Amino acid sequence: MGADHSSKIVGTVWGLLILNTLGSAGAQTIVPLPRSLIQMVTMGALVAAFTLALAVNLELRIRPSAYVSLLTLLLVTSVLSSANLGSGFGALFRCARLALFVGTLWLLSRWWDGGLAFVRHHIRMYFAVLGSVAAGLVVSPGAALPDLYGGRLVGALWPLTPPQIGQYAAVIIGLTVLLVLGRRTDRTSAAVVIVPSVILLALTHTRTATLGLLLGLALAIGSLILTSAAARRFFAWAVLCAAVAAVAFSSALQAWFLRGQSQENFSNLTGRAKVWDALLAAPRTTWQQLFGMGMGDKSFGGLPIDNSWLAVYHEQGLIGIALVAASIIVLGGVALLRPPSLPRACAIFLISYCAIASYTETGLGDASPYLLHLALAASLLAAPAAAPPLSTPEAPLRRISQWTRKSEVS
């Protein structure tokens, strides 16, 4: 199988993984889509991704990966916590989904070489998803900006919530900015991605995604300042523009940030703090504290948990938290030890973004976009594959040896 053909299949597999993690719950769409149909599409995408990855890697060649190894241990923990069916048969289904997800990452690890190919796959697929959001906004502005979500942008063609759209926009904005600074793409192509993504991010009014984008980019660009003049110029201009915007548009920025909420509602994180307190106060056995209650829908008492660490604690216990924390610490530690480079900067951005978003978003303990972002970071931090050693063909050596023996006899 040719290298180009394999590369296309690998890109397709990555896109199918992204499709699987889009989820099945969200806003009401223009054409109502049954949840069973959406789940069939997303799960079908995961099965197809695993099948294609296996077909292109029949030799089962994989690269050692501490990140995927920790995900595998998290899968074992998830199975142990779900085996008693305390969360119903749906827990085992979610474990099977996570198993396929992790298995596909193992098969793809063969192509993790520290290059930017997966970054481009990431940007293209999420930009296509945002294209569907923009199309829904054009076709039906009322459905895309519903009162149910306070006028925030949602997916009108595919059910996507404002935090999801904000996350996808923020991630591809950050990665594209870094590609421009590293001169791996031209400014025109970058503007085609960045400008509409910024508009969609603003329409979602997603504070977590915005803060993750700004802080993640600051850390990523900071890692390039000593070696890149373009990074130094961009950082200086960004600080200047931010200072001017903070002074000139302070009232507008404050209104956007508060989203019309009261100070009390804002201080308790839109009601999240009440759910968190109730979750932590709930009685648990020693087993449940260590292994959790089993894989669920990331809710407690019928309300979303909206915190990755508490969701992992609820479903996979303290052991799950330790494994998730170890995966982020390992990736961050490897990134700090790598010399300054564009792939390292992209990895720092992704790790930082996921760590920041974990405070108000779930996803670090189950197949999700956040695990894909971290998998992309792991691929960027992987050492390039060593070239095979050059060897002298054996046939000419045998002929020379035979000729030498004949000469000695004569």
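Residues numbered from 1 in each chain as written. Predicted model: local features only at pLDDT ≥ 70, side-chain atom pairs only at ≥ 80, totals over all residues. Heavy atoms only, no water.

**Topic: the overall build of the chain**
Here is the rule: In this text, helices come from DSSP runs of H or I with a minimum length of four residues, and strands from runs of E with a minimum of two, each type numbered from the N-terminal end. Exposure categories follow from relative accessible area, calculated using a 1.4 Å probe and restricted to protein chains: below 20% of the type maximum is buried, above 50% is exposed, and the middle band is partly exposed. A contact between two residues is defined here by any heavy atoms of the two lying within 4.5 Å. Where accessible areas are quoted, they stem from the Shrake-Rupley method and a 1.4 Å probe; at the residue level, only the protein chains shown are allowed to cover.
A tally of helices and strands in the chain yields 18 helices and 2 strands. Counting the 410 residues in the chain, one finds 46% classified as buried. Considering only residue pairs separated by 6 or more positions, the chain has 76% of its internal contacts joining residues 24 or more positions apart. Total accessible area on the chain stands at roughly 19900 Å², and carbon and sulfur atoms take up 68% of it.

**As for the nonpolar core**
For clarity, the cut-off: The nonpolar core is taken to be a set of buried Ala, Val, Leu, Ile, Met, Phe, Trp, Tyr and Cys residues, with the residues joined through side-chain atoms within 4.5 Å.
The biggest cluster of nonpolar side chains holds 100 residues, and the ones touching the most others in it are W14, L17, Y67, L105, W112, L175 and L178. Residue contacts for L105: discarding those within four places in its chain leaves W14, L17, V68, L71, W112, L372 and A375.

**Digging into the packing of aromatic side chains**
Condition: The aromatic pairing rule takes the rings of Phe, Tyr and Trp, using the six-membered ring of Trp, and pairs them if the centres are within 6.5 Å, calling planes under 30 degrees apart stacked, those over 60 edge-to-face and the rest tilted.
The tally for this structure, following the rule as stated, stands at 5 aromatic pairs. Between W276 and Y359 the ring centres are 5.4 Å apart and the planes differ by 70 degrees, which places this aromatic pair in the edge-to-face class. Placement of W276 in helix α13 (residues 272-281) and of Y359 in the loop between α16 (342-357) and α17 (369-381) is noted, with a sequence separation of 83 residues between them.

**Here we look at the side chain of S352**
Within the secondary structure, S352 sits in helix α16. Dropping the residues within four chain positions of it, S352 is found in contact with G216 and L219.

**Things to note about a nonpolar patch on the surface**
To be explicit about the condition: Here, patches come from residues exposed beyond 30% relative accessible area and free of salt bridges, joined within 9 Å for like charges and within 5 Å for nonpolar side chains (Val, Leu, Ile, Met, Phe, Trp, Tyr). Within this document, salt bridges are pairs made up of a side-chain nitrogen of Lys or Arg and a carboxyl oxygen of Asp or Glu, the two lying within 4 Å of each other.
The grouping of I30, V31, L33, L37, M40, V41, V138, V139 and L157 at the surface amounts to a nonpolar patch, some 790 Å² of accessible area in total. Looking at the nonpolar patch, the elements that each hand over two or more residues are α2 (35-56) and α5 (117-139). Top contributing element to the nonpolar patch by residue count: α2, with 3 residues. Within the element layout of this structure, V138 appears in helix α5.

**Re empty space enclosed by the protein**
To find leftover empty space, a probe the size of one water molecule is rolled over the atoms. Keep this limit in mind: A cavity, in this analysis, means grid points on a 1 Å lattice covering only the protein atoms where a 1.4 Å probe fits yet has no way out; a pocket is instead an open set bounded by protein on both sides within 12 Å along at least five of seven lines, and a residue lines either one if it has an atom within 4 Å of a point. Grid points are joined across faces, edges and corners, and a volume is the space filled by probe spheres set on the points.
Taken as a whole and assessed by the stated rule, the structure comprises 1 cavity of 30 Å³ or more. There is about 50 Å³ of room inside the largest cavity. Every residue along the wall of the largest cavity is listed here: L70, L71, L74, L323, V324, S327, L364, L371 and L374. Listing elements by their share of the lining of the largest cavity, those giving two or more residues are α3 (66-82), α15 (308-337) and α17.

**Quick notes on the layout of surface pockets**
Here the second largest pocket is characterised by a volume of approximately 990 Å³. Of all the secondary structure elements, the ones that give two or more residues to the lining of the second largest pocket are α7 (162-181), α8 (187-204), α9 (207-222), α10 (229-248) and α11 (250-258).

**Examining unusual backbone geometry**
For L60, which is not glycine, the phi dihedral falls at a positive 55 degrees. Mapped onto the elements, L60 comes out in the loop between α2 and α3. Non-glycine residue R183 carries a positive phi angle of around 55 degrees. Turning to its location among the elements, R183 is positioned in the loop between α7 and α8. A relative accessible area of 69% places R183 in the exposed class.

**Brief notes about the packing of α13 against α15**
The cut-off we apply is this: Only the stretch in contact is used when fitting a helix axis, every axis being a line fitted to C-alpha atoms; angles between N-to-C directions are given from 0 to 180 degrees. In these notes the angle categories are as follows: under 35 degrees is roughly parallel, over 145 is roughly antiparallel, 65 to 115 is roughly perpendicular, and the rest is oblique. Should the near helix be turned counterclockwise from the far one by less than a right angle, the crossing is left-handed, whereas a clockwise turn marks it as right-handed. The nonpolar class holds Ala, Val, Leu, Ile, Met, Phe, Trp, Tyr, Cys and Pro. Asp, Glu, Lys and Arg form the charged class, and all remaining residues, Gly among them, are polar.
Remark: α13 packs on α15, axes separated minimally by 11 Å, with the N-to-C direction vectors making an angle of 30 degrees. Here α15 runs roughly parallel to α13, going by the angle between their axes. In terms of crossing hand, the pair formed by α13 and α15 is left-handed. Where α13 abuts α15, its residues W276, L279 and L280 lie against L310, Y313 and H314. Taken together, the residues of the contact of α13 with α15 sort by class into 5 nonpolar, 1 polar and no charged.

**Side note on the packing of α3 against helix α4 (residues 89-108)**
Remark: α3 packs on α4, axes separated minimally by 10 Å, with the N-to-C direction vectors making an angle of 165 degrees. Considered as vectors, α3 and α4 are oriented roughly antiparallel to each other. The chirality of how α3 crosses α4 is left-handed. Where α3 abuts α4, its residues V68, S69, L71, T72, L75, S78, V79 and S82 lie against A91, L92, C95, L98, A99, V102, L105 and W106.

**Let's talk about the pattern of salt bridges**
Working definition: two side chains of opposite charge can pair if their charged atoms are close together. Applying the stated criterion across every chain yields a total of 4 salt bridges. As a salt-bridge pair, R110 and E59 come within 3.2 Å of each other at their nearest N and O atoms. Placement of the pair is R110 in the loop between α4 and α5 and E59 in the loop between α2 and α3, with a sequence separation of 51 residues. Take R110: its relative accessible area is 25%, and that puts it in the partly exposed class. Here E315 ties to K298 by a salt bridge, and the two come within 3.1 Å at their closest N and O atoms. Of the two residues, E315 sits in helix α15 while K298 sits in the loop between α14 (286-291) and β1 (299-300), which places them 17 residues apart along the sequence.

**Concerning α9**
Condition: Residue count minus one, scaled by 1.5 Å, sets the expected span of a helix.
Compared with an ideal rise of 1.5 Å per residue, which puts 16 residues at 22 Å, α9 spans 22 Å between its outermost C-alpha atoms and is within 8% of the ideal. Within α9, burial applies to R207, T208, A209, T210, G212, L213, G216, L217, A220 and I221.

**Focus on a positive patch on the surface**
Going by this rule: Only four residue types enter the tally: Lys and Arg on the positive side, Asp and Glu on the negative side; His and the chain ends are excluded. To locate a charge, take atom NZ for lysine, CZ for arginine, CG for aspartate or CD for glutamate.
Together, R183, R187, R232 and R233 make up a positively charged patch on the protein surface. Note that R187 resides in helix α8.

**As for the environment of T360**
Just so we agree on the cut-off: Whenever two N or O atoms come within 3.5 Å, that pair is a polar contact, provided that in protein one can donate a hydrogen and the other can accept it, and provided that, for residues adjacent in sequence, both atoms are side-chain atoms.
Within the element layout of this structure, T360 appears in the loop between α16 and α17. Classification of T360 as buried rests on a relative accessible area of 7%. Sequence-wise, T360 and T208 are 152 residues apart; in three dimensions their C-alpha atoms are separated by 7.2 Å. Apart from the residues lying within four places of it in its own chain, the contact partners of T360 are T208, R272, D306 and N307. A distance of 2.6 Å separates a polar atom in the side chain of T360 from a polar atom in the side chain of T208.

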